[in-house]
Amino acid sequence: MTELNFKSTKEIKVPEEIIGQVIGQDEAVEVMTKAANQRRHVLLIGDPGTGKSMLGLALSRLLPKEKLVDVLAFPNPHDENQPLIRTVPGGKARQLSMKSILPNADFFRGNNFILLLIAIVISLVPYYFYANKIFPFDTPVIYAASMITGTVFLIGVIFILSISKKMGGMIRSSGPKTIVDNFGKQYSPFWDATGAHAGALLGDVLHDPLQSGGLGTPPHERVVAGMIHKAHMGVLFIDEIAILHPATQQELLTALQEGKYSITGQSERSSGAMVRTEPAPCNFILVAAGNVETVEKMHPALRSRIRGYGYEIYMNDTMEDTPDNRFKIARLVAQEVIKDKKIPHFSKEAVEFIIEEARRMASRKGHLTLRLRELGGLIRAAGDVALEEKQDLVSTDHVVKAKKIARSLEKQMADKFIERKKEYEVIRIVGEIVGRVNGLAVMGGGSNYSGIILPIEAEITYGNKEKEVVATGKLGTIAKEAIKNVTAVIKKMFAKDIHEYEIYVQFLQTYEGVEGDSASIAVATAIISSLNEIPVKQDTAMTGSLSVRGEVLPIGGVSAKIEAAIDAGLKTVIVPESNFKDIIIDKERLARIKIIPVTHISQVLKEALNWKGKEKILKKITGEK
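Residues numbered from 1 in each chain as written. Predicted model: local features only at pLDDT ≥ 70, side-chain atom pairs only at ≥ 80, totals over all residues. Heavy atoms only, no water.

**With respect to the pairing of strand β26 (residues 572-576)**
On a regular strand, each side chain points to the face opposite its neighbour's, so the side chains alternate between the two faces of the sheet.
Step number 1: Counted residue by residue, β26 has five buried out of five residues, so it is predominantly covered.
Step number 2: By the bridge criterion, five bridges tie β26 to strand β27 (residues 594-598) in an arrangement that is parallel. For Ile574, the partnering residue across the bridge sits in β27 and is Ile596. (Buried < 20%, exposed > 50% of the residue type's maximum accessible area, 1.4 Å probe, protein only. Helix = DSSP H or I, 4+ residues; strand = E, 2+ residues; numbered from the N terminus. Pairing = 2+ DSSP bridges.)

**Digging into helix α14 (residues 372-388)**
Step number 1: In this model, α14 (17 residues) spans 24 Å end to end at C-alpha, consistent with the 24 Å of a helix rising 1.5 Å per residue.
Step number 2: For α14, the full list of buried residues reads Leu372, Leu375, Gly376, Leu378, Ile379, Ala381, Ala382, Gly383, Val385 and Ala386.
Step number 3: Elements that come into contact with the buried residues of α14 comprise α12 (323-340), β14 (345-346), α13 (348-362), β15 (367-369), β16 (393-394) and α15 (396-405).
Step number 4: Positive backbone phi, approximately 55°, marks Lys390, located one or two places after α14. (Expected span 1.5 Å × (residues − 1). Contact = heavy atoms within 4.5 Å.)

**Comments concerning the environment of Met98**
Step number 1: When you line up the elements, Met98 lands in helix α4 (residues 93-99).
Step number 2: When its relative accessible area of 60% is taken as the criterion, Met98 is described as exposed.
Step number 3: Along the sequence, Met98 and Gly175 sit 77 residues apart, while their C-alpha atoms lie 8.8 Å from each other.

**Focus: the sheet that holds strand β2 (residues 69-74)**
Within a sheet, each strand pairs with its neighbour through backbone hydrogen bonds, oriented either parallel or antiparallel.
Step number 1: Pairing within the open sheet is antiparallel, and its three strands lie in the order β3-β2-β4. The open sheet has two edge strands, β3 (84-89) and β4 (177-180), and neither has a second partner. Shown here is a sheet whose adjacent strand axes are inclined to one another by a mean of 35°, direction ignored. (Axes fitted to C-alpha atoms, helices over the stretch in contact; angles between N-to-C directions.)

**Some remarks on the side chain of Asn438**
Step number 1: By the element assignment, Asn438 lies in strand β18 (residues 436-443).
Step number 2: A distance of 3.0 Å separates a polar side-chain atom of Asn438 from the backbone oxygen of Gln538. (Polar contact = N/O pair within 3.5 Å; in protein donor to acceptor, adjacent residues only side chain to side chain.)

**Comments concerning the pattern of salt bridges**
Note on pairing: side chains with opposite charge can pair once their charged atoms come close.
Step number 1: A full pass over the atoms with the stated rule returns 16 salt bridges.
Step number 2: Across the pair Asp181 and Arg94 runs a salt bridge whose closest N-O atoms are separated by 2.7 Å. Placement of the pair is Asp181 in the loop between β4 and β5 (190-192) and Arg94 in helix α4, with a sequence separation of 87 residues.
Step number 3: For Arg359, the salt bridge is made with Glu356, and the minimal N-O distance between the two is 2.7 Å. With a gap of three residues between them, Arg359 and Glu356 both fall in helix α13, about one helical turn apart.
Step number 4: Note on Glu356: relative accessible area 29%, which makes it partly exposed.
Step number 5: Bridged by salt links that share partners, the residues Asp321, Arg326, Glu356 and Arg359 form one connected network. (Salt bridge = Lys/Arg side-chain N within 4 Å of Asp/Glu carboxyl O.)

**Focus on the environment of Gln25**
Step number 1: Within the secondary structure layout, Gln25 lies in the loop between α1 (18-21) and α2 (26-38).
Step number 2: A relative accessible area of 2% places Gln25 in the buried class.
Step number 3: Put simply, Gln25 and Leu55 are 30 residues apart on the chain and 9.2 Å apart in space, counted from C-alpha to C-alpha.
Step number 4: Non-local contacts of Gln25, meaning those with residues more than four positions away in its chain, are made with Thr50, Met315, Asn316 and Leu370.

**Quick look at α13**
Step number 1: In this model α13 runs 21 Å from its N-terminal to its C-terminal C-alpha over 15 residues, within 8% of the 21 Å that 1.5 Å per residue would give.
Step number 2: Burial analysis of α13 places 12 of its 15 residues in the buried class, the great majority of the element.
Step number 3: Among the residues of α13, those classed as buried are Lys348, Ala350, Val351, Phe353, Ile354, Ile355, Glu357, Ala358, Arg359, Arg360, Met361 and Ala362.
Step number 4: Among the residues trailing α13, Ser363 stands out with phi positive, at a value near 55°.

**Some remarks on the pairing of strand β1 (residues 41-45)**
Step number 1: Most of β1 is tucked away: five of the five residues are buried.
Step number 2: Across five bridges, β1 lies against strand β12 (residues 310-314) in parallel orientation. In the strand pairing of β12, Ile45 is matched with Tyr314.
Step number 3: In the sheet, β1 pairs with strand β11 (residues 285-290) via four bridges, with the strands oriented parallel. Within β11, the position partnered with Val42 by the bridge is Val287.

**Remarks on the packing of α14 against α15**
Step number 1: Where α14 meets α15, the closest approach of the two axes is 8 Å, and the angle between their N-to-C directions is 115°. When you trace α14 past α15, the crossing you get is right-handed. Contacts from Leu378, Ala381, Ala382, Val385 and Ala386 of α14 reach α15 at His398, Val399, Lys401, Ala402, Lys403 and Ile405.
Step number 2: Looking at side-chain class alone, the contact of α14 with α15 contains eight nonpolar, one polar and two charged residues. (Left-handed = near helix turned anticlockwise from the far one by under 90°. Nonpolar A, V, L, I, M, F, W, Y, C, P; charged D, E, K, R; others polar.)

**Observations concerning the packing of helix α18 (residues 520-532) against helix α21 (residues 601-608)**
Step number 1: It is at 10 Å that the axes of α18 and α21 come closest, and there the two elements cross at 60°. The angle between the axes of α18 and α21 places the two elements in the oblique class. Of the two elements, α18 crosses α21, and the hand of that crossing is right-handed. The segment α18 lies against α21, with Ile521, Ala524, Thr525 and Ile528 engaging Ile601, Val604, Leu605 and Ala608.
Step number 2: Its residues placed into classes, the contact of α18 with α21 shows seven nonpolar, one polar and no charged. (Parallel < 35°, antiparallel > 145°, perpendicular 65-115°, else oblique.)

**A word on the sheet that holds β1**
Step number 1: An order of β5-β8-β11-β1-β12 is seen for the five strands of this open sheet, with the pairing classed as parallel. Edge positions in the sheet fall to β5 and β12, since each of these pairs with one other strand and no more. The sheet shows a mean angle of 15° between the axes of neighbouring strands, direction not considered.
Step number 2: Two elements, strand β8 (residues 235-238) and β11, share four bridges in a ladder whose sense is parallel. The residue bridging Val235 from the neighbouring strand is Ile285, located in β11.

**With respect to the nonpolar core**
Step number 1: Core analysis: the largest hydrophobic core is formed by 41 residues, its most contacted members being Ile456, Ile527 and Ile601.
Step number 2: If one sorts the elements of this core by residue count, α18 sits on top with eight residues.
Step number 3: Membership of the second largest hydrophobic core comes to 34 residues, among which are Ile12, Ile23, Val385 and Ala402. (Core = buried A, V, L, I, M, F, W, Y, C linked by side-chain atoms within 4.5 Å.)

**A closer look at the packing of aromatic side chains**
Step number 1: Following the criterion strictly, the structure yields one aromatic pair and no others.
Step number 2: Above the plane of the ring of Tyr309 lies Arg305, whose end atom (NZ or CZ) is 4.0 Å from the centre. (Phe/Tyr/Trp six-rings, centres within 6.5 Å; stacked < 30°, edge-to-face > 60°. Lys NZ or Arg CZ within 6 Å of the ring centre and 35° of its normal.)

Take a look at the structure:
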């Protein structure tokens, strides 16, 4: 590793601008700068945690602030169900709203208690006179009439006070309502509308249970701006945009095209379409994001709008392992420490361990991962461990402990899987068994690969009812297709031998199902072992895809699979030669297992089976004389 010229991350200067903190996405940064200058929309496609939301926020910081406006809703004297929409310079709406409140609107509010007290005293005067025999209440009839009069007076005062309160509210509500307030904003708006329902995104009109009889809240007071309006002259960020309802995507497209959008009822608790404002401004930059499936599922017209008036970017998931990029990972550590504000800085040795972890997570030789959110989780966990131990600096030991504590769910499940299968001898790591192979698979995806041992058994019976290999174990589409490729290879190698047999393959206790073709060489090995009654070495595991010509093709998650084999106590693992350069495992752990790279199924069979007494078959398979 190239020397890092610092003792701790305290010495690393972190850029103040967010755009400068983006790591490994140079092309995206360049496009975002252009998008800010020309106000273009952007579609970001890539794996989670690669910096899509950070790029959206960075774009908003590049926009000028002086064009911000506040938006107000006014009552419409001609049609109360179509409130008027007006804009004022940013931060001015509050002043306008305060000026519109009439000075005498609350005249009675401060005197309510005094007036009510006087009314109570006056209503009790007849009783006082009667009790003290004071004229003119010397007879019960006169007293009763006086008490009734006093009570009516009290009720009348209470009624007048309630009406005055209502009238005061009506006077106040005749003024405008601020629906978009940019008071005190230092930057252009940035609104994350990921997962927002239609009302929150497009605006809504609140329901009023007292809207009948003229006692309800005026329509303009019930108008609520949507995020598209609050993002006016700023950025609206929507991740996983394809999950938005198609109708909502269509309305979003309309807002993009027009730059303004009327607010009406959108939710089940709104007033429905009875109220619809004048078009409210929503001239925002849309930064949409998602994964590869998003491209197929999002509204085609919406995507066309982005392509026609903006850019599409495919995010990098790795970057080359160069000295400059290694320093960028070190800078990431410093950034996470500063953002968290609680964890201590990292020593140079701890940063080097983080960089090694970035290599492993890349699953690609000579590259570093750019799934930085997951790497950030490890950084924060290591900081928490250091805090718990009351250390001022995070060391390598803290990162090692954090790696165990902060294991992904897939890794925890894989560990439990291996532990229980070994306990019940579903996974066997010693001896030799005919037709039984330790395959390797992964749980999870992206950089969250966690390897598991996948025991596979094959059995051969007489008969010719089945034309293909019968495989069980809740196999997915790709896994089933891979089995067909195995069939072709076996028929080519043993054409004269298998026509009398039925071949059955079982993936043992795969309750979660099996998908992918990385178990192809293990399936082929199990069938050939059973077909020829040649035992398989149980201290050996294998992974690799298989072509119809018997070539061993590369697979994913090779490092995680080898780590699973190490944890299970296996001695040897067979992998595709093309994946050999992708193996990134600590040297100490790697020394615990023998790795055999192969290019053809014949090499797999030679290494995995015990050919004692069956040498003629081996020579036939390998072509040796």
